[in-house]
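Results of the structural survey
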Amino acid sequence: MQSLKKYTILVVDDDETLRNAIAFDFKRKGFTVLVSESGAKAFELVKANKIDLVISDIRMPGGDGLSLLEQIRAYNPGIPAVIFVTGFADTTEESCLAKGAKKVIAKPFDRKHLMTTVLEVLNISHDTAAQ
Amino acid sequence: MIETEERKFLHDIASPVGTAIFVLDMVLDSMKNRPNANPDELAQAQQVFDVLGQIKKKIEERRQILIQQGVPSSKTS
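As a convention, each chain's residues are numbered from 1 in the sequence order in which they are written. Written order determines the labels here, with chains lettered from A and ligands numbered from 1. Side-chain atom pairs in this predicted model are given and counted only at pLDDT of 80 or more, local residue features only at pLDDT of at least 70, and totals for whole chains, interfaces and linings cover all residues.

1. Quick notes on the overall build of chain B
We apply this condition: Only runs of H or I of at least four residues qualify as helices and only runs of E of at least two qualify as strands under DSSP, and these elements are numbered from the N terminus. Exposure criterion: with C-beta atoms placed from backbone coordinates, a residue whose C-beta has 20 or more other C-beta atoms within 10 Å is buried, one with 12 or fewer is exposed, and one in between is partly exposed.
For chain B, the helix and strand inventory stands at two helices and zero strands. Residues classed as buried in chain B amount to 18% of the 77 residues present.

2. Quick notes on the packing of helix α1 (residues 16-29) of chain A against helix α1 (residues 5-32) of chain B
Counted only if it meets this: Note on definitions: angles span 0 to 180 degrees between N-to-C directions of axes, and those axes are lines fitted to C-alpha atoms, for helices only across the stretch in contact. When the near helix sits turned anticlockwise from the far one by under a right angle, the crossing is termed left-handed; a clockwise turn instead gives a right-handed crossing. Think of it this way: build a C-beta for each residue from its backbone, and any pair within 7 Å is a contact. Gly counts as polar in this scheme, as do all residues outside two lists: the nonpolar Ala, Val, Leu, Ile, Met, Phe, Trp, Tyr, Cys and Pro, and the charged Asp, Glu, Lys and Arg.
In the contact formed by α1 of chain A and α1 of chain B, the axes pass within 10 Å of each other and the chain directions differ by 35°. The handedness of the crossing between α1 of chain A and α1 of chain B comes out as left-handed. In contact with Thr-17, Leu-18, Ala-21 and Asp-25 of chain A of α1 of chain A, α1 of chain B contributes Gly-18, Thr-19, Phe-22, Val-23 and Met-26 of chain B. Its residues assigned to classes, the contact of α1 of chain A with α1 of chain B shows five nonpolar, three polar and one charged.

3. Let's talk about helix α2 (residues 39-48) of chain A
All names here are of chain A. Quick reminder of the rule: Directions are taken from the helix axis to each C-beta atom, and the arc is the one they span.
Among the residues of α2, those classed as buried are Gly-39, Ala-42, Phe-43 and Val-46. Along the axis of α2, the buried positions cluster into a sector of 100°, meaning they face one direction only. Turned more than 90 degrees off the buried face of α2, the exposed positions are Glu-44 and Ala-48. Where α2 is buried, its residues meet β1 (8-12), β2 (32-36), β3 (53-57) and α3 (65-75).

4. Details of the sheet that holds strand β4 (residues 81-85) of chain A
Residues and elements named next belong to chain A. Just so we agree on the cut-off: We call two strands paired when DSSP finds no fewer than two bridges between them.
Here we have five strands laid out as an open sheet, ordered β2-β1-β3-β4-β5, and parallel in their pairing. Of all strands in the sheet, those with a lone pairing partner are β2 and β5 (103-106), marking the two edges. Within this sheet the neighbouring strands show an average axis-to-axis angle of 20°, counted without direction. Those strands touched by α2 are β1, β2 and β3, and its axis lies near 165° from that of β1. Against the sheet, helix α5 (residues 111-121) engages β1, β3, β4 and β5, with an angle of about 180° to β5.

5. Thoughts on α1 of chain B
Spelled out, the test is: The span one expects for a helix is its residue count, reduced by one, times 1.5 Å.
For α1 of chain B, built from 28 residues, the straight-helix expectation of 40 Å at 1.5 Å per residue is met to within 8% by its first-to-last C-alpha distance of 40 Å. In this structure, the buried residues of α1 of chain B make contact with α1 and α5 of chain A together with α2 (39-68) of chain B.

6. Considering the pairing of β3 of chain A
All names here are of chain A. Basically, it comes down to this: By definition, the crossover connecting two strands over a helix is right-handed if that path, from the first strand to the second, turns clockwise as seen with the strands pointing away from the viewer.
A large share of β3 lies buried, amounting to five of its five residues. Neither face of β3 is left uncovered, since the one carrying Leu-53, Ile-55 and Asp-57 and the one carrying Val-54 and Ser-56 both have all their residues buried. Sheet topology note: the β1/β3 ladder contains four bridges and is parallel. By the bridge assignment, Val-11 is partnered in β3 with Ile-55. With four bridges joining them, β3 and β4 adopt parallel strand pairing. Of the residues in β4, the one forming a bridge with Ser-56 is Ile-83. At this point the chain moves from β3, through α3, to the parallel β4, and the crossover so formed is right-handed.

7. Some details on the confidence of the model for chain B
Residue and element names in this part refer to chain B. Note the threshold: Predictor confidence is given residue by residue as pLDDT, running from a minimum of 0 to a maximum of 100.
Scored by pLDDT, chain B comes out at a mean of 86, with 87% of its residues at no less than 70. pLDDT under 50 marks residues 73-77. Its contacts with residues more than four places away, or in other chains, come to 22 contacts. For this predicted complex, the interface confidence comes out at an ipTM of 0.83, alongside a pTM of 0.87.

Right, dumping it as structure tokens:
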């Protein structure tokens, strides 16, 4: 549990219920978690904290996920991002990957798939995560 | 990109369905770990989870059909 605390994950989604649920799940796993309801506020957190990974929705009022990806890439391209899309709106998986997203997950998604994806992006073994 | 009524509808329901699945999955895990878990309540919660899984599958299937038809034109949008 202690070994995961050094990883800080920023969860960005305007859906408060989902945002808090994801945050709770990753905190319970042992990660340090920050949350934001918009891309603009998220970027302020990126600048003010050492963030190891960003999980972000794509469509949000007050700064969307694509703008956030662009800002992160310009500020620190070493911060990986996992992006949620629905598969039915304007933003494509390809455009997210082109903007620097490490992984793109379609909503509705499986909770365990999100956890597996995050562990994979952060190069954390399942054994470490299970401790 | 053209946004059809169907795509807008599917977009609008994909997020809340995803949220419901995520939260209920957490609740189920919590219930399963309780030593005094009520098996009937657990079974009912599991049934709701399975139904949400069916909705999720329908959304995914429809997404694939729309992708194959070129609406939307990209793999995931």
